[in-house]
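Listed here are the chains, written in short residue letters.
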Amino acid sequence: MLVNLIVNGQPRSIEVAKGEFLLDTLRHLDYLSVRRGCDSSSCGVCTVLVNGKPTPSCSLLTVRLDQQEITTVEGIAKEAEKLATHFGHEGADQCGYCNPSMALTVYAMKKELKKPTLEQIKAYLVGNLCRCTGYQAQHIAILHYLEDQS
Amino acid sequence: MKVVNQLTPSIDGKGLMMGRHGYTDDFADKNALIIKVMRSPHPYARIVSIDDAEAKKLPGVELILSYKDFERRPFTRAGQGYPEPSPHDKFVFDEYVRYIGDEVLCVAAVDEATANKALKYIKVEYEILTPILDFETAKQHSVIIHPEPEIHEMFPIGFKPLENVAASYHMHIGDVEKSISDSEVVIKESFYTQAQAHSMMEPHTVNSRFDYQNRLVLYSSTQTPFHVRRIISQALQFPLSRIRVIKPRVGGGFGGKQAIHGEIICSAVSIRTGKAAKLTYTRKEVYESSYTRHPMRLDITLAAMKDGTLKAIDCYVLSDTGAYGEHALTVFMVAGSKVLPLYNKVDSVRFYGDVVYTNHTPAGAFRGYGAIQGNYALESAVDILCQKLGMDPILFRQKNMIKEGETSPIFSIMGEGTEGTAMNMDTCKLDYCVKRGMELIHWNQKYPRTQTKKDIVEGLGMAIAMQGSGIPYIDMGAATIKLNDDGFYNLLVGATEIGQGSDTILAQIAAEALMTSVDKVIVYSSDSDLTPFDVGAYASSTTFVSGNAVLKAAETMKHQLIIESAKALGSEFKDIEFDGEIFNDSKHQKQISLKDLSNRLYYNHDQKQLMVTESYVGHKSPPPFMAGFADVSVDLLTGEVKVNHYVSVVDCGVTINPKLAQGQVEGAIIQGMGMTLYEDVIYTKTGKLITNDFMSYRIPTRMEIPSMTTEFAESYEESGPFGAKSVGEIGIDTPPAAISNAIYNACGVRITSLPITPEKILKGLKKLKEHSI
Ligand code: FES
Ligand code: FES
């Protein structure tokens, strides 16, 4: 089936099988920042924004996304870089496998919540698992990023 | 120091956050054959027949491989140096399957759907055999898990397959029985630890193809690219010189990627078809069919005098290696060798036991590597002893623990598979770590417990720990530094970045020695064709072993640079001063910049490439030490435990990168906390692992983490690069005992098996109540 997606503002038409998930479609289209960590929609590594909302791409059927706006981390490069700067200062990046999806979730949170508290941040990001960092440094970095007016 | 021990953001964090390509699957060929593995539904069975006729007819099915397609040649997937201290007890595929999830055969097809469909079309008939699912009954069981005659040990490791023993060991110092009977207070306890799963976010992933020189090229998410190359060659009898293993960015390892996973099968498919292939584990396969931590039973006896002098430690360990013996002996050894020296003043020690085969998912390397199991048992037992002595557990530790300048006979007796290496503790700031930790956790105010609400009690607990820094005389790392025109460097290392930050800290070490900045040192790591050898990322070796190699290489490069600058200036070597940018002969008022020198070397005069390689192998393994303190709340109604605060004070020598070192400690603390409280491993009665995804196997999320305070003791290890020891594993060791001691101090319940679930606590509370009536 032909599906028309809008990925990072660019229209992309693609022929997909009925049962294909967005994660696979995006990787076929070379949006390789979108990665797989599980098979049960439970790790958050594959998160993209669908019309601005963080959603696990591994559980979305591509055929149902005709004309929808999909954002991958490539689409928010500036913000991701800014967040990365704060991660760098806190030593909050380790393997990095969870990072692009987290950048997208943080970006969506920034738009949605005004001055979130640490508890709100934890709750918003709870679906983004990370096995490396122990989370605390990430949270400090995210708080700094949210305060960063540059 | 300008670069080392300074705030330095990781060199790759930005690119990775921005989604740049880098992980194994990002390099898979677009048209790679997809490999799917059929896995055993039985814990123990013999394959009677395989009918793949229907599957072969499916359009798009390229190849089906089973045991019939391979010569029987045993090897080990352990991913260790050669000869390995693990038994060679595995075949690419075998007629026998030994756990639910074991490899039966594989299909390579044009796409995933076809491969999966083919698996459904293949009929395998099994003769079902009786499995061994309880490791405490495995030894000398009537069922033999590895009866095959070809398997063998590479050197004596106590391998007795006909008794289901993969490895065994016994050592003693002094007369333990006598010390115990001469002592005034004796305690005895058994502890159980579970088969924790690494749960790294990137599943095991590999892809392969033949390049235009007709060589086999693999990208693999591995911790040991050089060992992978060697083992593929051994197992498939394919020339080592025709294999290139590239380790790209790795999405977490924690020991789980030390061993071989799909690399051999993937290579076999490419070799037989000449085509590109890829194999990515599903999350279920990661849990069921890779490796776990070795579950153990540890029986500990401690004997002391009433004044709190520890006299004897007796420790029997039974370890479950599952269906195959990867890391069987060495993990077992570390449960003693990196735990027992903590109390080095005892009269006698005994450490012995067996590592047995069962029909469970095999166990392998996992951060902590035996030390976490041993630490949980010993550091819990110490608190139990203190309770009986009526002594403050901190005073007891201060009296008995190892101190700077001291040694322990254990170091020379217990190595990893062979004898160990004697060494003195040139740096050991445990004393400081304990004192500082007490302040940070408010020990004197809060120990042992405070009642915060009617049904909530808070308790404090602590534990001390040590690890190592590589395996002396075995682990080797090498580094090459190349000077480029314009005066910047390439640093080529075999050392394996797996997310722990090694590329960054090795660049820092080179930059510091060459007096330049990190952006002038371009790192490329772990490519078997291009980088020098390194054993890989394990045994907490990278900072110490590979770091020393980098430091040596940088110093040699500096020396060469000065020689060349002297030539260029017509000066004498001894008159040159180099500050990283300018070579200055102040005596004769001549100078040249590094940039001009490099350009001169490559374009104008005395043309030559400056490139140096140095290697390092440790002659000792200076242990990092730490004290861990937990502040927990126990809900007396629900049995639920919350860790409120965790304090770590660590002596890892000088931290090359303080923030990344902190990240290593805190990430490990949370993994250790996961093992202590949440990460339950459940097998059904028929041997099926049912905790096989992120929902049933609960790793800590953001919601459960305590606030963490992490500090480093001031410490300078002479033998380490710029004073550094290792820091990758030490953080994981203390949470089980510290949290468990805190729970005891809070509510009086002592849990001796991990994980500590609310059910176990409620049961304990109920028992306490019954006793007090
Ligand atoms: S891949 Fe894990 S949630 Fe999508
Ligand atoms: S940094 Fe490795 S999973 Fe988050």
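Conventions adopted
Residues numbered from 1 in each chain as written. Chains lettered and ligands numbered in written order. Predicted model: local features only at pLDDT ≥ 70, side-chain atom pairs only at ≥ 80, totals over all residues. Heavy atoms only, no water. Buried < 20%, exposed > 50% of the residue type's maximum accessible area, 1.4 Å probe, protein only. Helix = DSSP H or I, 4+ residues; strand = E, 2+ residues; numbered from the N terminus. Arc of directions from axis to C-beta. Polar contact = N/O pair within 3.5 Å; in protein donor to acceptor, adjacent residues only side chain to side chain. Contact = heavy atoms within 4.5 Å. Domains from an automatic or database assignment. Buried area = accessible area lost by both parts, 1.4 Å probe. Salt bridge = Lys/Arg side-chain N within 4 Å of Asp/Glu carboxyl O. Nonpolar A, V, L, I, M, F, W, Y, C, P; charged D, E, K, R; others polar. Axes fitted to C-alpha atoms, helices over the stretch in contact; angles between N-to-C directions. Parallel < 35°, antiparallel > 145°, perpendicular 65-115°, else oblique. Left-handed = near helix turned anticlockwise from the far one by under 90°.

Peer 1: What should I look at first to understand helix α10 (residues 393-400) of chain B in this one?
Peer 2: For an α-helix, 3.6 residues make a turn, and residues three or four places apart therefore share a direction. Residues and elements named next belong to chain B. Listing the buried residues of α10 in full gives Pro 393, Ile 394, Phe 396, Arg 397 and Asn 400. End-on, the buried residues of α10 take up no more than an arc of 160 degrees, which puts them together on one face. Put simply, Asp 392 is the residue that caps the front of α10, since its side-chain oxygen is 2.6 Å from the backbone nitrogen of Ile 394.

Peer 1: What's the story with the side chain of B:Ser233 in this structure? I'm lost.
Peer 2: Relative to the helices and strands, B:Ser233 is located in helix α5 (residues 225-236). Once residues lying within four places of it in the same chain are set aside, the contact partners of B:Ser233 are B:Phe238, B:Pro239, B:Leu240 and B:Ile243.

Peer 1: So what exactly am I meant to see when it comes to the domain arrangement of chain A here?
Peer 2: Accessible area lost upon the coming together of the parts serves often as the stated size of an interface. All names here are of chain A. Taken as a whole, chain A is organised into domain 1 (2-74) and domain 2 (76-147). Across the contact, 16 residues belong to domain 1 and 16 residues belong to domain 2. Summing both sides of the interface, domain 1 and domain 2 together bury roughly 1,200 Å²; the carbon and sulfur share of this comes to 64%. Taken together, the links from domain 1 to domain 2 amount to zero salt bridges. Taken together, the connections running from domain 1 to domain 2 amount to seven residue pairs in polar contact (both at pLDDT 80 or more). The element that contributes the greatest number of residues to the side of domain 1 that touches domain 2 is strand β3 (residues 47-50), accounting for three residues. For the side of domain 1 that touches domain 2, the class distribution of residues is six nonpolar, seven polar and three charged.

Peer 1: Mind showing me how you'd approach the domain arrangement of chain B here?
Peer 2: All names here are of chain B. The assigned domain composition of chain B is domain 1 (15-129 + 204-280), domain 2 (296-470 + 620-772) and domain 3 (476-617). Distance from the C-alpha centre of domain 2 to the C-alpha centre of domain 3: 40 Å. On the domain 3 side, the residues contacting the 19 residues of domain 2 number 19 residues. Between domain 2 and domain 3, roughly 1,400 Å² of surface is buried when both sides are summed, and carbon and sulfur atoms account for 67% of that area. Interface area lost by domain 2 to domain 3 is led by Ile 656, Pro 721 and Phe 722, which between them contribute 39%. Taken together, the connections running from domain 2 to domain 3 amount to zero salt bridges. At the boundary of domain 2 and domain 3, one finds six residue pairs in polar contact (both at pLDDT 80 or more). Taken together, the residues that form the side of domain 2 that touches domain 3 break down as six nonpolar, ten polar and three charged.

Peer 1: I'm lost on the packing of helix α2 (residues 77-90) of chain A against helix α5 (residues 136-147) of chain A in this one. Help?
Peer 2: Two quantities define a packed helix pair, namely the angle between the helix axes and the distance between the axes. All names here are of chain A. Relative orientation of the contacting elements α2 and α5 amounts to 130 degrees, with a least axis distance of 8 Å. Relative to α5, α2 is oriented oblique. The handedness of the crossing between α2 and α5 comes out as right-handed. Here Glu 79, Lys 82, Leu 83, His 86, Phe 87 and Glu 90 of α2 come into contact with α5, specifically with Ala 137, Gln 138, Ile 140, Ala 141, Ile 142, His 144 and Tyr 145. Across the contact of α2 with α5, the residue classes tally to seven nonpolar, three polar and three charged.

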